[in-house]
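So you can see what is in the structure, the chains are spelled out below.
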Amino acid sequence: MQHRSQAVVVRDLRKEFSRPRGLHGRRPPRAALKGISFEIARGECVAVLGQNGSGKSTLVRVLSTLLLADGGDAHVFGHDVFAEARAVQHLVNRVSVEASFFKKLSAAENLAYAARFYGLMPAQTRAEIPRILERVGFPAERRGEAMEHLSRGMQQKVALARALLTSPVLLLLDEPTTGLDPRSKQEVQAFIRELRLRHDSTILLCTHDMQEAEALADRIGLLDRGELLFLEPVAEVKARYGVDTLEEAFFVATGRAYDDEKTDDDRDRAVFA
Amino acid sequence: MAAVDSGLTKRGLLRHEAVGLFGVVERNLYLVKRYFLWDLAFLLWTVANTLTIVFIARGVGLEGAARNELETRLLVGGVIWAFLGIIFEIVTETVAWERWEGTIEYTFMAPVSRPVHLIGMGVFAVIYGFVRAALVFLAVVAFIGIHVPHANYGAAIALLAISSVSFIGVGMMTAVLPLISPEKGMQLGFVAQGLMLVVSGVYYPVSVLPGWMQWVAKISPATYALRGNRAQILTGAGLAWADVWPLLVIGTLSIPAGLVVFRAGERYAKRHGKLKRSG
């Protein structure tokens, strides 16, 4: 049972991946999520911080119905992510670190393809695509250009437009500004703020950028090697660890610096995350 | 439970799926438009390949009507190979192409049913494959000067349409291969296509095959498509029930079987984290 005000409820979620055989034979599976539990209220923006391979993308892919968990459960607006995938798919969309488009197709053609799967007819998308592109700061007159001719920042704006076009009530943002130049990054962040103000959207932002998380989210969680160490407002995180910054909180919580060199295990995690 | 739902009625759901199917066909038309020169080059390659087969009839010492008949038999084999090849390739690319472009996660998390997605790919494959097959047929007939005065094109098209259902069903089964094995899946699809044509008498009568292959030929839809199309082009025969009923049976079984196999493959991919882009 879950309350209407809860957009996401995750309980004891576990996922592990088998690893390729190493030089010394079979290796044990790698745990990407080790029984994490949390809730996100409707309309809330929650950021989950973590290094590469911490399990952030695995979490997003589970909530996107792209992965089956090994244990635990996850609900989106009351729907079981595994048993009621179709219902969840109607409510969720995402923006990931890779823009992910048919490179030879134009922005308009890619958006039309995505929109059809959400039931939008050509008559609707003809009017809606230029409007949404304009809203995300993409010059509408360039919507006929092939994606491969657009800059990384422009492609990411089209990715935001794709997510917005389907009016998701839960938006999953997986490193949406990674690799963007500072200006494009600011534009994307401004758009996320605007989205929260104007729409009834709940946002789960997975990022390794602590400043971005602090600037955008109501609560911040730290996912480290598949474990959720905390999920609370940033002021409470700092008070709990008696520190001034999230980097320091990470150090106190894990005993490692946020930018520490990765171990071999972490490199494996990055492959499977 | 106070769940937020999609708000779709049964009728709305049907409309939603129809729009999704249209979207798959529309996207493939966009891709054909954008890759037009590549498609043209591929068409020319197919014509050249078919010519190399049909010219065999001129190298075996036949003359007149006998040579014309052998040329036509080989041509029908080449055209069916091209038609089937396109259907297999496009349906198999349901996964492979999306993985390569990086769109696979967005497509597989979208609220459209897998049957609609796969059938959309199949519908486009049949339309596109038919246009290409017709162009290959006309180009080779014109180039070599084959005479097909009695050809019953209407019956030939109808039989191809009926056999397409089976081809799509088998294609769905091979489409799962890139889902399970991103590296080798596509090639295994080509192997399946080749095996089907080898046992179906693509350039020779099924009767020349070893006994066990002749038995396998009975469950291959290509056997009936080849046999029927040859009779229709050579002698003007109509739709023969002996060709139609096996195709109807195989089609009726292969589509649900293809969907079951694909669904099982998708579940495996979701369990093992293979439903993601390459690189």
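A few words on the overall build of chain A. Helices and strands together make up the secondary structure of chain A, namely ten helices and ten strands. Against the globule reference of 19 Å for 273 residues, chain A gives a C-alpha radius of gyration of 19 Å, in line with a compact fold. Seen along its three principal axes, the alpha-carbon backbone of chain A occupies a region of about 55 × 45 × 40 Å. By the burial criterion, 47% of the 273 residues in chain A qualify as buried. Long-range pairs, those at least 24 residues apart, make up 68% of the contacts in chain A with a sequence separation of at least 6.

Another aspect to go through is the sheet that holds strand S5 (residues 79-80) of chain A. All names here are of chain A. Strand order in this open sheet of four strands is S2-S1-S4-S5, and the pairing throughout is antiparallel. Each end of this open sheet is capped by a strand with a single partner; those strands are strand S2 (30-41) and S5. Bridge count for strand S1 (residues 6-17) against S2 is nine bridges, and the pairing is antiparallel. The partner of Phe17 across the bridge, within S2, is Arg30. Its contacts with the sheet place helix H1 (residues 56-63) against S1, S2 and strand S4 (71-76), and it is angled at close to 120° to S1.

Right, let's get into the sheet that holds strand S6 (residues 92-95) of chain A. Residue and element names in this part refer to chain A. One open sheet holds the six strands; their spatial order is S6-S7-S8-S3-S9-S10, and the pairing between them is mixed. Of all the strands in the sheet, just S6 and strand S10 (227-232) have a single pairing partner and so form its edges. Across the sheet, the mean angle from the axis of one strand to that of its neighbour is 15°, orientation sign disregarded. Sitting on the sheet, helix H5 (residues 152-165) is in contact with S6 and strand S7 (170-174), with an inclination near 175° to S6.

Further remarks concern the environment of His16 of chain B. Of note, His16 of chain B is situated in helix H1 (residues 10-34). Judged by the 22 C-beta atoms lying within 10 Å of it, His16 of chain B is buried.

Counting from both sides, the interface comprises 35 residues of chain A and, opposite them, 33 residues of chain B. Residue assignment for the side of chain A that touches chain B shows that the elements contributing at least two residues are helix H2 (85-91) and helix H3 (107-116) of chain A. Here the residues of the side of chain A that touches chain B are counted per class, giving 19 nonpolar, nine polar and seven charged.

It is worth spelling out helix H6 (residues 153-175) of chain B at this point. Residue and element names in this part refer to chain B. Under the 1.5 Å per step criterion, the end-to-end length of H6 is 31 Å for 23 residues, consistent within 8% with the ideal 33 Å. When the local axis directions of H6 are compared, the greatest deviation, roughly 30°, occurs at Ser164. Across the 23 residues of H6, 17 count as buried, placing the element largely inside the fold.

Residue and element names in this part refer to chain B. The geometry of helix H3 (residues 64-101) relative to helix H5 (residues 114-144) is characterised by a closest axis approach of 8 Å and an angle of 155° between their N-to-C directions. Of the possible angle classes, the one that applies to H3 and H5 is roughly antiparallel. Handedness of the crossing formed by H3 with H5: right-handed. A per-class count over the contact of H3 with H5 returns 20 nonpolar, three polar and two charged.

This part is about the confidence of the model for chain B. Here chain B shows a mean pLDDT of 90. Residues at 70 or above account for 96%. Overall fold confidence (pTM) sits at 0.86, and the ipTM for the predicted complex is 0.88.

Residue and element names in this part refer to chain A. By the secondary structure assignment, Gly78 is in the loop between S4 and S5. On the basis of neighbour count, Gly78 is assigned to the buried category, with 21 C-beta atoms found within 10 Å. Taking the C-alpha atoms as reference points, Gly78 and Cys45, separated by 33 residues in sequence, lie 18 Å from one another.

Rules used throughout
Residues numbered from 1 in each chain as written. Chains lettered and ligands numbered in written order. Predicted model: local features only at pLDDT ≥ 70, side-chain atom pairs only at ≥ 80, totals over all residues. Helix = DSSP H or I, 4+ residues; strand = E, 2+ residues; numbered from the N terminus. Rg over C-alpha atoms; globule rule 2.2 N^0.38 Å. Buried ≥ 20, exposed ≤ 12 C-beta atoms within 10 Å, placed from the backbone. Contact = placed C-beta atoms within 7 Å. Pairing = 2+ DSSP bridges. Axes fitted to C-alpha atoms, helices over the stretch in contact; angles between N-to-C directions. Nonpolar A, V, L, I, M, F, W, Y, C, P; charged D, E, K, R; others polar. Expected span 1.5 Å × (residues − 1). Bend = angle between axes of the 7 residues up to and from the residue. Parallel < 35°, antiparallel > 145°, perpendicular 65-115°, else oblique. Left-handed = near helix turned anticlockwise from the far one by under 90°. pLDDT = per-residue confidence, 0-100.

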